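The chain contents come next:
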Amino acid sequence: YGNFIDDLRVYVRGGTGGMGYPRLGGEGGRGGDVWFIAREKTTLKNIRDRYPQKRFVAGAGANSSVRALKGEKGKDCEVHVPLGISVLCDDGKQIGELNAAGERFLAARGGHGGSLATNFVPCKGQRRIVRLDLKLIADVGLVGFPNAGKSSLLSKISHAKPEIASYAFTTIQPELGKIMYADYKQVVADLPGLIEGAHANKGMGHKFLKHVERTKQLLLVVDISGFQLSIKTQFRTAFETVLLLTKELELYKEELLTKPALLAINKMDLPCAKDNLNEFMKQLKNPQDFFHLLQEEMIPANTLEFKDIIPISTYSGEGIEELKACIRKSIDEEAEQENEEYRKKKLLLLQTSGEEQMNR
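Overview of the structure.

About the cut-offs
- Residues numbered from 1 in each chain as written.
- Predicted model: local features only at pLDDT ≥ 70, side-chain atom pairs only at ≥ 80, totals over all residues.
- Heavy atoms only, no water.
- Patch = residues over 30% accessible without salt bridge, like charges linked within 9 Å, V, L, I, M, F, W, Y side chains within 5 Å.
- Areas by Shrake-Rupley, 256 points an atom, 1.4 Å probe, with all protein chains shown as cover.
- Salt bridge = Lys/Arg side-chain N within 4 Å of Asp/Glu carboxyl O.
- Helix = DSSP H or I, 4+ residues; strand = E, 2+ residues; numbered from the N terminus.
- Buried < 20%, exposed > 50% of the residue type's maximum accessible area, 1.4 Å probe, protein only.
- Expected span 1.5 Å × (residues − 1).
- Arc of directions from axis to C-beta.
- Contact = heavy atoms within 4.5 Å.
- Pairing = 2+ DSSP bridges.
- Axes fitted to C-alpha atoms, helices over the stretch in contact; angles between N-to-C directions.

**Digging into a nonpolar patch on the surface**
Working step 1: Residues Leu24, Val66 and Leu69 make up a contiguous nonpolar surface patch of about 260 Å² in total accessible area.
Working step 2: Looking at the secondary structure, you find Leu24 in the loop between strand S1 (7–13) and strand S2 (34–38).
Working step 3: Classification of Leu24 by relative accessible area gives partly exposed; the value is 44%.

Right under this line is the structure:
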């Protein structure tokens, strides 16, 4: 992974409460809390570098005294984390999520101060080990097997400069690139190459598949000439590649197939690409007619419905502008749909509250 970190294990402890004052019935201050706060331009690497011990402890509450019978609360410990963080217990159970800037999560609560109820003895703060799990938030996620040309495509449509080479696993960490339009930007995530069995965590399966979860849309990138990982593995046609990618997403998390999807057919500059494309389009039109040619374990329960299918060449530049326009159109349509659903919910709430007031 090099410098990229998408998983960090940290220790958090709330502050101990302050001592009570038995003679005058004074209460000690409550211990401080540990908070995770989502902030832009923050990374897990920043946290690790700044706090190498990975320990976050809040301040203790002040003791009760003759001058101040009610002790002051201990100082809170605030930790800035990136957007798209899931907070998990050490057993893997998710206990919180931070997706928007300014969102807060209480990681460890401070202990109560000493009082009559506790015989004036303070309580210790909550302590536990939690895992911060980062999932990139992007508008479009590029999904494909190694060497399909995802990194080349990302460099063509955006300002990202991912590593590009002819060997299979070039991308070993997620790359983010911004597509620049005349009026505003959109973000694209380049997801590293999946292999057959990625859902079962083969290769870097789960480390990469989890980033697909937060993308709003999928962009599948396939090589029109087919794909073969190595001489020991079976050759897959472009059609089989689409089915295998669909199967991997389905086996990892079925909801991923409900996301809007586009298909980019790459390497159209190669000889025989036009003939292969004609055959491929026939297969995509009626996929069920060709299932008998495949092994049963390759066939997904549900096939992806593509909003647009765009033949491209990252080498010659063919179809790149059309693809950018399709991405923009698809994102705008989804945003409009979300706005419409939001307006309907608001209207329904207003109508419901209006009826309640009339009934009164």
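Alright, that's what it looks like, and here's the rest.
**Quick notes on helix H5 (residues 273–285)**
Working step 1: Taking 1.5 Å of rise per residue, the 13 residues of H5 would be expected to cover 18 Å, and the 18 Å separating its terminal C-alpha atoms lies within 8% of that figure.
Working step 2: Regarding H5, the residues found buried are Ala273, Leu277, Phe280, Gln283 and Leu284. Buried residues of H5, seen end-on, are gathered within an arc of 125° and therefore sit on one face of the element. The outward face of H5, more than 90 degrees from its buried face, is lined by the exposed residues Lys274, Asp275, Lys282 and Lys285.
Working step 3: Those residues of H5 that are buried lie in contact with strand S12 (217–223), helix H4 (238–252), strand S13 (261–266) and strand S14 (306–311).

**A word on the sheet that holds strand S3 (residues 55–57)**
Working step 1: Read from one edge of the open sheet, five strands run S3-S1-S8-S5-S6, paired in mixed fashion. The open sheet is flanked by S3 and strand S6 (94–98), the only strands paired with a single partner. The average undirected angle you get between the axes of adjacent strands in this sheet is 25°.
Working step 2: Bridge count between S1 and S3: three bridges; the pairing is parallel. Within the sheet, the bridge partner assigned to Arg13 lies in S3 and is Val57.

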